[in-house]
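# Structural characterization, general
What follows is each chain in one-letter form.
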Amino acid sequence: MQLAAIIVSLVLTVVGVALLARAIGQFVRYFKLGQPVPAGSRTDNPYSRSVTLVREFLGHTRMNRWGIVGFAHWFVAVGFLTLPPTLAQAFGQLFQADWTLPVVGDWLPLEMYTEFIGVMTVLGIVVLMAIRLLNLPSRPGRKSRFAGSKAGQAYFVEYVILTIGLAIYVLRGLEGAIHHVEGYDASYFASYPLVLAFKGLSVSALQNLIYLVAMIKISTSFIWMIVVSLNTNMGVAWHRFLAFPNIWFKRESEGGTALGALQPMTSGGKPIDFTDPGDDDVFGVSQVEQFSWKGLLDFSTCTECGRCQSQCPAWNTGKPLSPKLLIMSLRDHAHAKAPYLLAGGGKTAEGEEKASEEQLAEVPAAALAEAERPLIGTAEAASDGGFAAGGVIDPDVLWSCTTCGACVEQCPVDIEHIDHIVDMRRYQVMIESAFPSEAGTMLKNLEKKGNPWGLAKKQRLEWLKEVEFEVPVVGQDIEDLTEVEYLYWVGCAGSLEDRAKKTTKAFAELLHIAGVKFAIMGGDEKCTGDSARRLGNEPLFQELGMENVMALNMAFGEELDDEGKVVPESAKPKSAKKIVATCPHCLNTIGNEYPQIGGDYEVIHHTQLLQHLVDEGKLIPVTPVEGIITYHDPCYLGRHNKIYTPPREIIASVPGLRNEEMHRHKERGFCCGAGGARMWMEERIGKRINNERVDEALSLNPDIISTACPFCLVMLTDSVNGKKAAADSGSAAGGKAKESIQVVDVAQLLLESVKTPVDPAGEPETENAPEPEPVK
Ligand code: SF4
Ligand code: SF4
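Here is a short report on the structure shown in this document. As the structure is a prediction and not an experimental result, all values here were calculated from the model. (Residues numbered from 1 in each chain as written. Chains lettered and ligands numbered in written order. Predicted model: local features only at pLDDT ≥ 70, side-chain atom pairs only at ≥ 80, totals over all residues. Heavy atoms only, no water.)

## What to know about the overall build of the protein
Each helix and strand counted, the protein has 29 helices and 10 strands in total. Considering only C-alpha atoms, the protein reaches an extent of 100 × 70 × 65 Å along its principal axes. Split into buried and exposed, the 776 residues of the protein put 57% on the buried side. On the protein, roughly 31900 Å² of surface is accessible, and the fraction owed to carbon and sulfur atoms is 58%. (Helix = DSSP H or I, 4+ residues; strand = E, 2+ residues; numbered from the N terminus. Buried < 20%, exposed > 50% of the residue type's maximum accessible area, 1.4 Å probe, protein only. Areas by Shrake-Rupley, 256 points an atom, 1.4 Å probe, with all protein chains shown as cover.)

In structure tokens, the structure reads:
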């Protein structure tokens, strides 16, 4: 028995270690296939990165939002990292059954730790297995977060962990018996029942059992190593190693998620200068090797846990996009294509093969076939010749994304889905001009008129005729913004779209009532470029953004040179550059993205300013607004900019309202369907996202659905109106929509409550409330 155990264990160990070394080498060469990243962008602030890594691992910060699963996974992960001494002990036991580790082998704290973590690892993996089995995709279908995950690989990993955990436990019992433990011993506090069970066995029986179980433990460990080394795309196993670098190299060195700003376009690791692009610049991603090495690391790290998928509005409304399946497809494609790329293969911009026939002679046929697959394309060749067959990512997958950030927010290993999706969109739009045709109208309108609706710029100021107070306009009523506290950035929707204009007028009136000095731009401003950028049209975003930055800098009294750039000596503007926006997309673009093109402003959302004014007693909601209200979190306000509280505080300040939260709210809020330029595209597949969201709201039977974004306002209103019409016609699609139900911005609600005459002698409730924090 002993000899067989030694031979089996050592052979598997040698093979496992050799294959692991080979796999590590493969990974290093594989990551080198990716593009460089801008210097320092993934290594700056190493202290903060290290703290984030420790915090995310020890705190299991994302998984712990998912109840017991985080707790169970924590023990399994900690067991994997800290129980290797039990493996060393098992090797020694192969040669001498009562062998213990030198120095620490009999150290009580280590023995107790091993007992505790060993048992918790077993319990943890049992819980994880039960959760997987209860969520089998064959039962709840799309509702299962495991739908599409590689179940066989997951079962293999889980049974390996269970077997190793049980082997540790049994070995502890055998060790106690062979060491003649008498009575209860704290060193064996968990395995003591097994010590008792084995106690009556002869020494030789105990020895043989130890050889056998040690062999099982070692063999299982190294069979696992062999299997994962032969399958470098086995994310459910490799995340145990790759999650650490993936979290350390994450986009935000301060520990935040890859949300908010999109990244500037780079080629070869350098930002592209769109005013004078280089001849060999590569625009976007059309081949998997055009992702950065961090992108390739992202793909390989995916654990296939499906948390992203479970939150994705596209997936939840029957569309082909699942962020998990997208990442898995990119990973499997990259790994399958890697032998071809490592042999020097690849295509030039003209589609010519870079490698010679001799170079590719040794490349396996499967890798050569994989290299022929287009990154974006349909499974079958498009009848109009638009797409070649065998695409890795279907165009409908690519264009279904609303960039809502629900996937990024939940991913436990910090994968940056949106950046990858937008990089692929950039190539499709800029090089192939291949995107949903309806979005072309929006792009043309932006190019010609500077707004997505294609309306004349003079219409931006039309809403001023509908208010009964003065609103100073920069360049008309005031020279610059030195005399006011805030520039109110009204945005295209706020000035041109009828429903959003109600928010604009309500907010302006509230500022007027509160005595806040503000002004608006004169109508020459353009769309911020949010939709153009998220669609993938980076040059258009840059053009719009630079014009806006110039206009804003002028408005703030900066001195500009002939090219519109701020003269360095006048870097100190005449006034604080405070901007308030009613549109979260404007807030995000101006606050988070304009710094990339030279615009630095303090930007806050109107709900932040209104909450501040209520806190200061400058706005006093007195008139009750009766009814049940439910608040919809705009993705670009909530997840992308972490502003969840001010709208809720405003609602709470209005007497009479009862706020009922929808099941999906705050970090788990469900998109309205308009982000990522989806506002300008038809929604042809599955259920409309806005209808899904409104159905969730209607399940609370509200009188008011409130939000804080013009895009959300339009999408939710459209859905509610559609449901009312359906209800009128007797269709079941009408659901439970009350005839009186309203969809309003929180500013409208506040105005309704504030407008009642207030006792002029009334004192402010609170003074000197802290100023709201800008997004940057
Ligand atoms: S950003 Fe939103 S829509 Fe896009 S893949 Fe992620 S969850 Fe889905
Ligand atoms: S991308 Fe992240 S959240 Fe989605 S399945 Fe992979 S590891 Fe899980």
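## Notes on the packing of aromatic side chains
Each aromatic ring pair is specified by the distance between its two centres and by the angle formed by the two planes. Overall, the coordinates contain 23 aromatic pairs when judged by the stated rule. Considering the side-chain rings of Phe80 and Phe241, the 5.8 Å spacing of their centres and the 75° angle between planes classify their relative orientation as edge-to-face. Residue Phe80 is located in helix H3 (residues 68-82), and its partner Phe241 is located in helix H9 (residues 235-248); the two are separated by 161 residues in the primary sequence. On the accessibility criterion, Phe241 (34% relative accessible area) is partly exposed. Ring plane angle 65° and centroid distance 6.1 Å describe the contact between Phe91 and Phe222, whose orientation is recorded as edge-to-face. Pair noted here: Phe91 is in helix H4 (residues 84-95) and Phe222 is in helix H8 (residues 203-230), with a separation of 131 residues, a long-range link. (Phe/Tyr/Trp six-rings, centres within 6.5 Å; stacked < 30°, edge-to-face > 60°.)

## Let's talk about a nonpolar patch on the surface
Where nonpolar side chains cluster on the molecular surface, the patch consists of Leu108, Met112, Phe116, Tyr184 and Phe189 and spans about 470 Å² of accessible area. The topology assignment puts Leu108 in helix H5 (residues 108-134). (Patch = residues over 30% accessible without salt bridge, like charges linked within 9 Å, V, L, I, M, F, W, Y side chains within 5 Å. Salt bridge = Lys/Arg side-chain N within 4 Å of Asp/Glu carboxyl O.)

## Focus on the sheet that holds strand S6 (residues 602-605)
Here four strands make up an open sheet; going across it, the order is S4-S3-S5-S6 and the pairing parallel. A single partner strand is all that each edge strand has here, and the edge strands are strand S4 (518-520) and S6. Each strand of the sheet is rotated relative to its neighbour by a mean of 30°, with strand direction disregarded. Of the pairings in the sheet, the one linking strand S5 (residues 578-581) to S6 comprises four bridges and is parallel in character. Opposite Val580, over in S6, you have Ile604 as the bridge partner. Each of strand S3 (486-489), S5 and S6 touches helix H25 (residues 606-615); the most contacted strand, S6, lies at about 75° to it. (Pairing = 2+ DSSP bridges. Axes fitted to C-alpha atoms, helices over the stretch in contact; angles between N-to-C directions. Contact = heavy atoms within 4.5 Å.)

## Focus: the site of ligand 2
Close to ligand 2 lie Cys302, Thr303, Glu304, Cys305, Gly306, Cys308, Lys324, Cys411, Pro412, Val413, Ile415 and His417. Broken down by class, the residue content of the shell around ligand 2 amounts to seven nonpolar, three polar and two charged. (Near = heavy atom within 4 Å. Nonpolar A, V, L, I, M, F, W, Y, C, P; charged D, E, K, R; others polar.)

## Some thoughts on the site of ligand 1
If you check the shell around ligand 1, you find Cys312, Pro313, Leu321, Pro323, Cys401, Thr402, Thr403, Cys404, Gly405, Ala406, Cys407 and Ile418 and nothing else. Along the lines of polarity and charge, the residues of the shell around ligand 1 split into nine nonpolar, three polar and no charged.

## Describing helix H10 (residues 293-301)
In terms of burial, H10 is a largely internal element, eight of the nine residues being buried. Here the buried face of H10 lies against helix H1 (2-32), H9, helix H13 (323-342) and helix H18 (417-430).

## Overview of the environment of Gly269
Here Gly269 lies in the loop between strand S1 (266-267) and strand S2 (270-271). On the accessibility criterion, Gly269 (9% relative accessible area) is buried. In this structure the C-alpha to C-alpha distance between Gly269 and Gln35, which are 234 residues apart in sequence, comes to 6.5 Å. Among residues more than four places away in sequence, those in contact with Gly269 are Pro36, Val37 and Pro38.

## Things to note about the sheet that holds strand S10 (residues 742-745)
Within a sheet, adjacent strands bond to each other through the backbone by hydrogen bonds, running parallel or antiparallel. Strand order in the open sheet formed by four strands is S8-S7-S9-S10, with parallel pairing between adjacent strands. Whereas interior strands pair on both sides, the edge strands pair on one side only; in this sheet they are strand S8 (657-659) and S10. The average angle at which neighbouring strand axes cross in this sheet is 35°, direction not considered. Here strand S7 (residues 627-631) pairs with strand S9 (residues 704-707) via three bridges, running parallel. Note that in S9 the partner of Tyr631 across the bridge is Ser706.

## Concerning the pattern of salt bridges
In the structure shown here, the tally under the stated rule is 52 salt bridges. When the shortest N-O distance is used, the salt bridge between Arg533 and Glu593 registers 3.4 Å. Pair noted here: Arg533 is in helix H22 (residues 530-535) and Glu593 is in helix H24 (residues 584-593), with a separation of 60 residues, a long-range link. You can call Glu593 buried: its relative accessible area is 0%.

## Quick look at the nonpolar core
For soluble globular proteins, nonpolar side chains are generally found buried alongside one another. Core analysis: the biggest nonpolar cluster contains 125 residues, and Leu326, Met424 and Leu535 have the highest contact counts within it. If sequence neighbours within four positions are ignored, Leu535 has contacts with Trp399, Arg425, Val429, Phe435, Ala439, Met442, Leu443, Ala677 and Met681. Formed by 67 residues, the second largest nonpolar core is a distinct cluster that contains Val474, Ala508, Val549 and Tyr601. (Core = buried A, V, L, I, M, F, W, Y, C linked by side-chain atoms within 4.5 Å.)

## Here's the deal with empty space enclosed by the protein
On inspection of all chains with the given rule, the structure shows nine cavities of 30 Å³ or more. Looking at the largest cavity, it is lined by 35 residues, and the ones nearest its centre are His60, Met63, His73, His239 and Thr303. Only helix H2 (46-59), H3, H5, helix H6 (151-178) and H9 provide two or more residues apiece to the lining of the largest cavity. Class assignment for the residues of the lining of the largest cavity results in 22 nonpolar, five polar and eight charged. The volume enclosed by the second largest cavity comes to roughly 130 Å³. Lining the second largest cavity we find 17 residues, and of these Cys492, Cys527, Cys583, Cys586 and Phe711 sit closest to its centre. Elements with a contribution of two residues or more to the lining of the second largest cavity: helix H20 (491-496), H22, H24 and helix H28 (710-728). It is H20 that contributes the most residues to the lining of the second largest cavity, four residues altogether. Of the residues in the lining of the second largest cavity, the class split is 11 nonpolar, five polar and one charged. (1 Å grid on protein atoms, 1.4 Å probe; cavity = no way out; pocket = protein on both sides within 12 Å on 5 of 7 lines; lining within 4 Å. Points joined across faces, edges and corners; volume = space filled by probe spheres on them.)

## Overview of unusual backbone geometry
A negative phi holds for most residues other than glycine; trans holds for most peptide bonds. Phi is positive for Thr403, which is not a glycine, with a value near 50°. Tracing the sequence through the fold places Thr403 in the loop between helix H16 (395-399) and helix H17 (406-410). Residue Thr403 is classed as buried on the basis of its relative accessible area, which comes to 1%. A positive phi angle, close to 70°, is found at Ala677, a residue other than glycine. The topology assignment puts Ala677 in the loop between S8 and helix H27 (689-698).

## Concerning the pairing of S3
Of the two faces of S3, the one lined by Tyr486 and Tyr488 and the one lined by Leu487 and Trp489 are each fully buried. Sheet analysis places S3 next to S4, joined by three bridges and oriented parallel. In the strand pairing of S4, Leu487 is matched with Ala519. In the sheet, S3 pairs with S5 via three bridges, with the strands oriented parallel. Pairing of Trp489 across the sheet is with Ala581, part of S5.

## Some thoughts on the packing of H10 against H13
Interhelical geometry of H10 versus H13 gives an angle of 110° and a closest axis separation of 8 Å. Taken together, the axes of H10 and H13 are roughly perpendicular relative to one another. Along its contact with H10, which presents Leu296, Asp298, Phe299 and Ser300, the element H13 presents Ile327, Leu330, Arg331, Ala334 and His335. (Parallel < 35°, antiparallel > 145°, perpendicular 65-115°, else oblique.)

## A closer look at the pairing of S9
Residue alternation in S9 divides its side chains into two sets, Ile704 and Ser706 and Ile705 and Thr707, and both sets are buried. Sheet topology note: the S9/S10 ladder contains four bridges and is parallel. Within the sheet, the bridge partner assigned to Thr707 lies in S10 and is Asp745.

## Some points on the state of the cysteines
Under the criterion given, the structure shown has zero disulfides. Cys492 takes part in no disulfide bond, and the closest cysteine sulfur to it belongs to Cys527, at a distance of 4.3 Å. By relative accessible area, Cys492 is classed as buried at 8%. (Disulfide = S-S within 2.5 Å.)

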